[in-house]
Amino acid sequence: MYHDCVKNALAKDGWEITDDPLTIEFQDLRLYADLAAEKLFAAERNHRKIVVEIKSFTSPSLVSELEKAVGQYNIYRGFLRRQHPEREIYLAVPQQIYQGFFMRASIQTIVQDQEIKLIVFNSTSEEIVQWIS
């Protein structure tokens, strides 16, 4: 639902999309993360590489959506650590979902405990509003 929006927001932020989707192969599994991107930071003289899994949170049960997203995030993160340790994984969520759901104390605890990195994006302006690591 927000795939192109996040892709455009990353491009506006100076990221180059390298994979759409990124294939994650590990042992007998093949999984697909929504996007992979990289950005050159001239001051640091290195590339930063990220993997982005985009979630819309449109079902009636936001907690069920979060449960699925956290599971998927953790599976991808585990495989990426083994196959592509240079890549950081982020969960991209719309700004209105972040403000209305992710700001709840209980959800913040889950995000912190699970060490989930977030990209908060504005779906109307197609811009990244916040990086949370």
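Above this text is the structure in question.
Owing to the predicted nature of the structure, the values given are computational and were not obtained by experimental measurement.

Caption draft 1: A look at the overall build of the protein chain. Each helix and strand in the protein chain was counted, giving four helices and eight strands. If you list the helices and strands of the protein chain from N to C, you get α-β-β-β-β-β-α-β-α-α-β-β. Taken over C-alpha atoms, the radius of gyration comes to 14 Å for the protein chain, in line with the 14 Å a tight globule of 133 residues would show. Taking the principal axes of the C-alpha coordinates as reference, the protein chain spans close to 40 × 40 × 25 Å. Sorting the 133 residues of the protein chain into buried and exposed places 43% on the buried side. Summarising the internal contacts of the protein chain: among those between residues at least 6 apart in sequence, 57% fall at separations of at least 24. Carbon and sulfur atoms provide 46% of the accessible area of the protein chain, an area that totals close to 7,400 Å². Computed over 15 positive and 19 negative side-chain charges, the separation of the two mean positions in the protein chain equals 3 Å.

Caption draft 2: Representation of helix H3 (residues 95-102) in the model. Those residues of H3 not exposed but buried are Gln95, Ile97, Tyr98, Phe101 and Phe102. Here the buried residues of H3 occupy an arc of 165° about the axis, which is enough to place them on one side. Turned more than 90 degrees away from the buried face of H3 sit Gln99 and Gly100, all of them exposed. Here the buried face of H3 lies against helix H2 (62-83), strand S6 (87-94), helix H4 (105-114), strand S7 (118-122) and strand S8 (127-132).

Caption draft 3: Structural context of the packing of H2 against H4. With their axes 12 Å apart at the nearest point, H2 and H4 run at an angle of 10° to one another. As summarised for this structure, H2 and H4 are arranged roughly parallel, according to the angle between their axes. Two secondary-structure elements touch here, H2 through Leu66, Val70, Asn74 and Arg77 and H4 through Ile107, Ile110 and Gln114.

Thresholds, definitions, all that
- Residues numbered from 1 in each chain as written.
- Predicted model: local features only at pLDDT ≥ 70, side-chain atom pairs only at ≥ 80, totals over all residues.
- Heavy atoms only, no water.
- Helix = DSSP H or I, 4+ residues; strand = E, 2+ residues; numbered from the N terminus.
- Rg over C-alpha atoms; globule rule 2.2 N^0.38 Å.
- Buried < 20%, exposed > 50% of the residue type's maximum accessible area, 1.4 Å probe, protein only.
- Contact = heavy atoms within 4.5 Å.
- Areas by Shrake-Rupley, 256 points an atom, 1.4 Å probe, with all protein chains shown as cover.
- Lys, Arg positive; Asp, Glu negative; His and termini not counted.
- Charge placed at Lys NZ, Arg CZ, Asp CG, Glu CD.
- Arc of directions from axis to C-beta.
- Axes fitted to C-alpha atoms, helices over the stretch in contact; angles between N-to-C directions.
- Parallel < 35°, antiparallel > 145°, perpendicular 65-115°, else oblique.

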